[in-house]
Structures are given as structure tokens and as C-alpha cells.
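Now for the letters of each chain:
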Amino acid sequence: MKKLVGNALEDEADRKFFGFIPVQVGPASQYARRVQKWMQAILVIQFAVCLVRFVALHDFAGCFWLVLICAVGWYAWSQDMNITYICVWGLACFFGFVFDTAALVLPLLLDMVTMSWLMIPLRALVPACELLGAAFAWHLYHDYYTTGGGAAGGADSEAARAIGELPDPMAKIVEGGDPASYGAAMFAGFKARGVEAQGKLAKGGESLQAKGADMQGKLAKGAESLQQQAAHGAGGFGQKASEGFAAARERAEGLRQQAAHGAEGLQQQQQQSEAEHSPFSTHPAAEPGAEAGALLLIEAPGTAGRGLGGRFMSQPPRR
């Protein structure tokens, strides 16, 4: 009886979809149940990228395909990590990764200049999350055969040896801890970097403050020096102005004296001219053979009022 049940289980285990998708017999392995948190985290990431694809990129057809991927993955998780549905989910993620990568690369090659650079990382999120799901599904597929659950011969079966030789890039990541530990480590790393950046900013602020104080001192010294130079320049300018005013005053005094002398000389010339053109003065013509006579108009002291206004005429004696 046990042999018949064993043969039935082996026949059931040998049945596969498309020749490579196994049909799970019995419950999931302990390892698959242990990594359920990774499945949940990847589905959350894919759903978040689906929202970004719908809201920011307006890619409704691609969003619909990503919704189907999330639905298949959620169903596989709800069915106790059923390897059959996980393989279907992984294949859907792989085909989505291929098509979305082509949809990302071709526009970059054709319209690199016109494409918005902000949209490039958003579009790159889509194939990245799909590649993450395909790699995790392959990791569970790899574990299903290498642990002996997927083959009748156990870990020493031909299928287990063949698949065990293939690479499993997600093994180190998944076996290194759960997503919560990675999230805590990433948060701690970001926090440490934030503290380090804050320390650098504080040091930079102190350095800038010291440089600002130094610059302020230099500016104060420069302002004081300029003030001293301005005061010295103002004193020198005042002294030069005083000297200029004194020189101008001396020059004006000299001009005034020259003007006074000139006025006095003009007055004397005017008096002399009046005296020469007075009707009381005569100039007789010289007689032939005799010297010309001169009429002298003399005003002696104490003779005012005598003769013609105190004046008298005298002629030189004739020969």
C-alpha cells in the first residue's frame, strides 16, 4: 500500500506544466514559508511602481499588465507559497521585464534629446521591480529542486543536480536576512550618513562662521584705515584750502593796491590835463630870433584871493 502511495506521489510530482513548471504536491517547504516576507515586500514594491506608472507615466496598458502580475503573485502567496503559481508569477515578471526594458531603451536611443530626464528613472523602476520578482521566483524554483521536494529522487536526482548547477543571484540576499532587517540596516545607514552630513554641515558652519568673523574683522580694520585716510585727507585738504585762501587774499590785496596806485596815477594825470587845458594858462608863440616865453602859473602860499584867484602870470623878460 505504501509503495502504491509513493508511486502515485512520484507520478504526481513528475507532472509539469509546459515541461518545466512543477505541480506542487502537499504543503510548501519550510524554507518557502520562511521567506514569505520577501514575497510580501516585492509585491508591495510592484504595486507602488504600478501606481507610479498609472499616475506619473500615464501608461495604462503597462499598468494593467503590472496589476495582473501583482494579482498572480498575491494569489501565489495566499496559497501557502505554492510553487506552481510562483513560477507563473516569475514568468510573467520575466516577460514584463523584457518588454519594458525594450520600451525603455528604444526611446532613449531614438529620442534621447527630446525625452524628459525626470521620466527616465521613473520608467526604469518598472523593469527593475519585475526583474526583482523574476529573480525571487527563480530562487524558490531553485530551492524546490535542490532540496529534493521537486524530484522523486530527492537532492541526488538528475533534475536537482542540473538546476543546482545554475546560478542563483538572490540566494545571498534572501538568506542574509528578511526585508525588515535590510530596511533597518538601510535606515541605520541613512541615519549614519545623515548624522555624518550633519556633522560636516556643522563643521562647515563653524568654519564659515570663523571665516565670517575674520572677514568682519578685516572689514572693520579696512573701514578704520579708510576713515583715518579720509580724516588725514580732509585735514590736508583743509590746510591746502587755507593756504589757497591766504594766497588768494594776498593776490587780491596786491591787485587792490595796484588798482589804488593806478587810480592815483590817473587822478594825477587828470589834474595835470585839467591844468594844461585851463583857460588861465597861455602858451605864446616864440618870436623870431628870440627864445620862446613861458607863462608860469604859480600859486604861492598865502596869496589866495589876490590877483586872478591868487594866481599871477609872469613872463620872462624879453631881450
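Here the residue numbering is sequential within each chain, running from 1 through the sequence in written order. It should be noted that, the model being predicted, local features are given only for residues of pLDDT at least 70 and side-chain atom pairs only at 80 or more, the latter also being counted only at that level, while totals for whole chains, interfaces and linings use all residues. Just so you know, side-chain values use all the structure's heavy atoms and leave hydrogens and water out.

Draft legend 1. Spatial organisation of the overall build of the chain. If you tally the helices and strands in the chain, you get nine helices and four strands. A helix here means a DSSP run of H or I that spans at least four residues, while a strand means a run of E at least two residues long, and both kinds are numbered starting from the N terminus. Each helix and strand of the chain, placed in order from N terminus to C terminus, yields the pattern α-β-β-α-α-α-α-α-α-α-α-β-β. In this scheme, a residue with accessible area under 20% of its type's maximum is buried, one over 50% is exposed, and one in between is partly exposed, where area comes from a 1.4 Å probe on protein chains only. Looking at the chain residue by residue over its 319 residues, the buried ones come to 23%. Contacts spanning at least 24 positions in sequence make up 62% of the contacts within the chain whose residues lie at least 6 apart. Note on contacts: a residue pair is in contact if any heavy atoms of the two residues lie within 4.5 Å.

Draft legend 2. Structural context of the side chain of H139. Take H139: it is sitting in helix α6 (residues 119-146). Separated by 2.4 Å, the side chains of H139 and Y31 make a polar contact. Contacts described as polar in this section are N or O atom pairs within 3.5 Å, which, within protein, must combine one atom able to donate a hydrogen with one able to accept it, while residues neighboring in sequence count only if both atoms come from side chains.

Draft legend 3. Local environment of the packing of aromatic side chains. In summary, the pairing rule links any two rings of Phe, Tyr or Trp, Trp by its six-membered ring, whose centres are within 6.5 Å, and it sorts them by plane angle into stacked for under 30 degrees, edge-to-face for over 60 and tilted for everything else. By the definition in use, this model includes four aromatic pairs. Aromatic pair F54 and F60: ring centres 5.3 Å apart, planes at 70°, arrangement edge-to-face. By relative accessible area, F60 is classed as partly exposed at 49%.

Draft legend 4. A look at the packing of helix α3 (residues 36-55) against helix α5 (residues 83-110). Think of each axis as a best-fit line through the C-alpha atoms, taken over the contacting stretch in the case of a helix, with angles from 0 to 180 degrees between the N-to-C directions. The interhelical angle for the contact between α3 and α5, taken along N-to-C directions, is 35°, at an axis separation of 14 Å. In the crossing of α3 with α5, the sense of the turn from one axis to the other is left-handed. Listed contacts from α5 to M39, I42, L43, Q46 and R53 of α3 are I86, W89, C93 and D100. Amino acid classes used here: Ala, Val, Leu, Ile, Met, Phe, Trp, Tyr, Cys and Pro are nonpolar; Asp, Glu, Lys and Arg are charged; the rest, including Gly, are polar. Class assignment of the residues belonging to the contact of α3 with α5 gives a composition of six nonpolar, one polar and two charged. In this scheme the crossing of two helices becomes right-handed for a clockwise turn of the near helix relative to the far one and left-handed for an anticlockwise turn of less than a right angle.

Draft legend 5. Geometry of the packing of helix α4 (residues 60-78) against α5. Where α4 contacts α5, the two axes come as close as 8 Å, and the packing angle between them is 160°. Taken together, the axes of α4 and α5 lie roughly antiparallel to each other. Crossing of α4 over α5 shows left-handed handedness. Where α4 approaches α5, its residues W65, I69, V72, G73, Y75 and A76 are matched on the opposing element by Y85, I86, V88, W89, A92, C93 and G96. Its residues assigned to classes, the contact of α4 with α5 comprises 11 nonpolar, two polar and no charged. What sets the label is the angle itself: under 35 degrees gives roughly parallel, over 145 gives roughly antiparallel, 65 to 115 gives roughly perpendicular, and the rest give oblique.

Draft legend 6. Region of the structure containing a nonpolar patch on the surface. Nonpolar side chains (Val, Leu, Ile, Met, Phe, Trp, Tyr) within 5 Å and like charges within 9 Å form the patches, drawn only from residues with over 30% relative accessible area and no salt bridge. Here, Shrake-Rupley sampling with a 1.4 Å probe gives the accessible areas, and only protein chains in the shown set may cover a residue. In the sections that follow, a salt bridge refers to a side-chain nitrogen of Lys or Arg positioned within 4 Å of a carboxyl oxygen of Asp or Glu. A contiguous nonpolar surface patch, about 740 Å² in accessible area, is contributed by F64, W65, L68, F94, F95, V98 and F99. Going through the elements one at a time, α4 and α5 are the ones with two or more residues in the nonpolar patch. In terms of residues, the nonpolar patch owes the most to one element, α5, which gives four residues. Positionally, W65 belongs in helix α4. W65 gets classed as partly exposed once you look at its relative accessible area, which sits at 37%.

Draft legend 7. A look at the nonpolar core. If you look at the biggest cluster of nonpolar residues, it comprises 35 residues, and the most contacted ones within it are M39, M81, I86, W89, F136 and L140. Looking at this core, the element that brings in the most residues is α6, giving 10 residues. If we skip the residues at most four places from it in the chain, I86 touches M39, A76, M81, A137 and L140. What makes a nonpolar core is a set of buried Ala, Val, Leu, Ile, Met, Phe, Trp, Tyr and Cys residues whose side-chain atoms join them at distances within 4.5 Å.

Draft legend 8. Here's a closer look at the pattern of salt bridges. Inspection of every chain in the model, using the stated rule, returns six salt bridges. As a salt-bridge pair, D59 and R53 come within 3.1 Å of each other at their nearest N and O atoms. One connected set of salt bridges, linked through shared partners, spans R53, D59 and D100.

Draft legend 9. Representation of the confidence of the model for the chain within the structure. Across the chain, each position has a pLDDT score giving the predictor's confidence in that residue, from 0 to 100. Looking at the chain as a whole, the pLDDT averages 76, with 74% of positions reaching at least 70. Note on residues 1-10: pLDDT under 50 across the span, and two contacts to partners over four residues away in sequence or across chains. The low-confidence segment residues 152-156, where pLDDT is below 50, has seven contacts with residues more than four positions distant or belonging to other chains.

Draft legend 10. Expanded view of the state of the cysteines. Two cysteine sulfurs form what is called a disulfide whenever their separation falls within 2.5 Å. Tallying each qualifying case throughout the model produces zero disulfides. Not part of a disulfide, C129 finds its nearest cysteine sulfur in C70, a span of 7.4 Å. Residue C129 is classed as buried on the basis of its relative accessible area of 4%.

Draft legend 11. Main features of unusual backbone geometry. Its identity is not glycine, yet D80 carries a phi of approximately 60°, on the positive side. Residue position: D80 is located in the loop between α4 and α5. For M81, which is not glycine, the phi dihedral falls at a positive 55°. Given a relative accessible area of 2%, M81 falls into the buried group.

Draft legend 12. Region of interest: the environment of E130. Mapped onto the elements, E130 comes out in helix α6. On the basis of relative accessibility, which here comes to 0%, the residue E130 falls in the buried class. Residues E130 and G90, 40 residues apart in the sequence, show an inter-C-alpha distance of 8.5 Å. Residue contacts for E130: discarding those within four places in its chain leaves Q46, R53, W65, L66, I69, C93, G96, F97 and D100.

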